[in-house]
Amino acid sequence: MKGYEQYIQDVKSGKVKTCQYVKQVVDRFEKFRGRDDIYFDEECVDEFINFVAQMKHWAGKSSGKCFELLNWQQFYFAVIIGLKWKETGLRVVREVYTEMARKQGKSSIIAA
């Protein structure tokens, strides 16, 4: 199972403890995938995740090691990159606001 699919399953089952907003994002993502005017470009998401896995950290204790996206990070990118309008092929999500605690990899995610 792909990381982003596992994350969805874990959030819905309660295995991963999240706030109501994350649960709402998961629900909205699933509703969007079920719509007739939107499709989920799984190939594009997987290609992006594989591309990020080729990138290497350049500083700190992980210097020289390849990026390894956690399931929640894969879901983050799946939401942004994977949902597209059938009519135009353009992404549904055009702008992103991200807020997270320190040391969660904000800079690395944005760099990717």
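Please refer to the structure higher up on the page.
Rules behind the numbers
- Residues numbered from 1 in each chain as written.
- Predicted model: local features only at pLDDT ≥ 70, side-chain atom pairs only at ≥ 80, totals over all residues.
- Heavy atoms only, no water.
- Phe/Tyr/Trp six-rings, centres within 6.5 Å; stacked < 30°, edge-to-face > 60°.
- Helix = DSSP H or I, 4+ residues; strand = E, 2+ residues; numbered from the N terminus.
- Buried < 20%, exposed > 50% of the residue type's maximum accessible area, 1.4 Å probe, protein only.

1. Brief notes about the packing of aromatic side chains
Consideration 1: Enumeration according to the criterion identifies six aromatic pairs in this entry.
Consideration 2: Consider the rings of Tyr-4 and Phe-40, whose centres lie 5.8 Å apart with planes at 65°: the pair is edge-to-face. In this pair, Tyr-4 sits in helix 1 (residues 3–13) while Phe-40 sits in strand 1 (residues 38–40), placing the two residues 36 residues apart along the sequence. For the residue pair Tyr-4 and Phe-40, the accessibility class agrees, reading buried in each case.
Consideration 3: Summarising the aromatic geometry, the rings of Phe-29 and Phe-75 are spaced 5.3 Å apart at their centres and angled 80° between planes, so their arrangement reads as edge-to-face. With a gap of 46 residues between them, Phe-29 in helix 2 (residues 20–33) and Phe-75 in helix 4 (residues 71–82) connect regions that are remote in the sequence.
Consideration 4: By relative accessible area, which is 2% here, Phe-29 ends up buried.

These results come straight from atomic positions and should not be treated as a statement about function.
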